[in-house]
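Read off the chains here:
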Amino acid sequence: LLPCPAGPRDETCARAFITAFGRRAFRRPLGTGDVDRYLMLHRNIAVEDGFIEGARWVITAMLQSPHFLYRPELGTPGESAWALTDHEIASEISYLFWASMPDDELLAAADAGALHTKDQIAAAARRLLASPKSRPMLDHFAAAWLGTDAVLDVTRPPASYPEFTPAIRTAMRAESLALFDRVMRGAGTRLPDLYLSTESLLTDDLADYYGLTGSPTWSNGDGTARWDTAAAHRVGILSHGSLLAALAGPDAP
């Protein structure tokens, strides 16, 4: 983690380390008072136990700080309200889309004061959403909103529905999450596509379960393929097995 080769009592390197690590831990640049306080801690430890041990104590202190443990949204006073700072906005959208701290590009935008207009925030949000790192949060949102995980626990009499296997349930859930991801991150897609799409990403077994015939329109290379589901009267996410099975009665297919 050290940004420079350190000697036994190299305060220049210690200051550089505190500034760099603190910026990542607190998701904002450290003020002069912050740097001086952690530099004093490092100095007190390093004088007897060495530079590296001083750095360990600095890390320990920073990772116990409220500035690391919480995401403050204190803002700055304006004419009629308090406005979030650029760094607070960077953390807000990063944790919304990535469930993690801002990357270097987002922090650099906050440093430059380029995250305070609607257009600037929208552009940053689109970049984060386009990244594969946004997929886990999209899956989490879709599961909470649509209840797609419920299909994994649906009970059906095995004798009556032997084909409703754990693998089919898992494929149904994956189908719904894949459509939601495609609508949210795909080029040119809009919210109505979630309800009107006639394409689904299916395993071969799920395609058979739905009664689809013919061939898929495109293979994904991971055991799934894109199918045209219009012939099976399956249009949009409300026709997905994940929702229908979870919301149907206990004796329904």
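The preceding data block contains the structure.
These numbers come from a predicted model, not from an experiment.

## Focus: the side chain of Asp103
Summarising the element assignment, Asp103 is placed in the loop between α5 (86–97) and α6 (104–111). Here the side chain of Asp103 touches Arg127 through a polar contact of 3.1 Å, side chain to side chain. Apart from residues no more than four positions distant in its own chain, Asp103 is found in contact with Trp98 and Arg127.

## Some thoughts on helix α1 (residues 11–26)
Think of an α-helix as 3.6 residues a turn; residues three or four steps apart then line up on the same face. Taking 1.5 Å per residue, 16 residues should reach 22 Å; α1 reaches 21 Å between its end C-alpha atoms and fits that length. Of the residues making up α1, those classed as buried are Cys13, Ala14, Phe17, Ile18, Phe21, Gly22, Ala25 and Phe26. Burial along α1 is one-sided: seen end-on, the buried residues are contained in an arc of 155°. Elements in contact with the buried residues of α1: α2 (32–49), α3 (51–62) and α4 (66–69). With its phi angle positive at about 60°, Arg27 sits one or two positions after the end of α1.

## Focus: the nonpolar core
Counting residues in hydrophobic clusters, the biggest one holds 21 residues, and the most contacted among them are Ile93, Phe97, Leu106, Leu115, Leu128 and Leu194. Broken down by secondary-structure element, the contributors of at least two residues to this core are α5, α6, α7 (118–130), α8 (135–146) and α9 (166–185). Not counting the four nearest positions on each side in its chain, Leu115 is found in contact with Asp86, Ile89, Ala90, Leu106, Ala109, Ala110, Gln120, Ile121 and Ala124. Among the nonpolar cores identified, the runner-up in size contains 15 residues, and Ala14, Ile18, Leu30 and Val35 belong to it.

## Some points on the state of the cysteines
What the rule picks out here adds up to one disulfide. In this model, Cys4 is linked to Cys13 through a disulfide, with the two sulfur atoms separated by 2.1 Å. The disulfide joining Cys4 to Cys13 has a torsion of about 105° about its S-S bond and is therefore right-handed. On the basis of relative accessible area, Cys4 is assigned to the partly exposed category, the value being 22%. A residue is classified by how much of its surface remains accessible, and Cys13, at 2% relative accessible area, is buried.

## So, the environment of Thr32
On the secondary structure map, Thr32 appears in helix α2. Exposure remark for Thr32: the relative accessible area of 60% places this residue in the exposed category. Sequence separation between Thr32 and Gly221 is 189 residues; the distance between their C-alpha atoms is 53 Å.

## Observations concerning the environment of Gly113
With respect to the helices and strands, the residue Gly113 is situated in the loop between α6 and α7. Discounting residues that sit within four places of it in the chain, Gly113 has contacts with Asp86 and Gln120.

## Some points on the packing of α5 against α6
The interhelical angle for the contact between α5 and α6, taken along N-to-C directions, is 155°, at an axis separation of 8 Å. By the angle class used here, α5 and α6 are roughly antiparallel. Viewed along their axes, α5 and α6 form a crossing whose handedness is right-handed. Every residue of α6 that contacts α5 at Asp86, His87, Ala90, Ile93 and Ser94 is listed here: Leu106, Leu107, Ala110 and Asp111.

Calculation rules
- Residues numbered from 1 in each chain as written.
- Predicted model: local features only at pLDDT ≥ 70, side-chain atom pairs only at ≥ 80, totals over all residues.
- Heavy atoms only, no water.
- Helix = DSSP H or I, 4+ residues; strand = E, 2+ residues; numbered from the N terminus.
- Polar contact = N/O pair within 3.5 Å; in protein donor to acceptor, adjacent residues only side chain to side chain.
- Contact = heavy atoms within 4.5 Å.
- Expected span 1.5 Å × (residues − 1).
- Buried < 20%, exposed > 50% of the residue type's maximum accessible area, 1.4 Å probe, protein only.
- Arc of directions from axis to C-beta.
- Core = buried A, V, L, I, M, F, W, Y, C linked by side-chain atoms within 4.5 Å.
- Disulfide = S-S within 2.5 Å.
- Axes fitted to C-alpha atoms, helices over the stretch in contact; angles between N-to-C directions.
- Parallel < 35°, antiparallel > 145°, perpendicular 65-115°, else oblique.
- Left-handed = near helix turned anticlockwise from the far one by under 90°.

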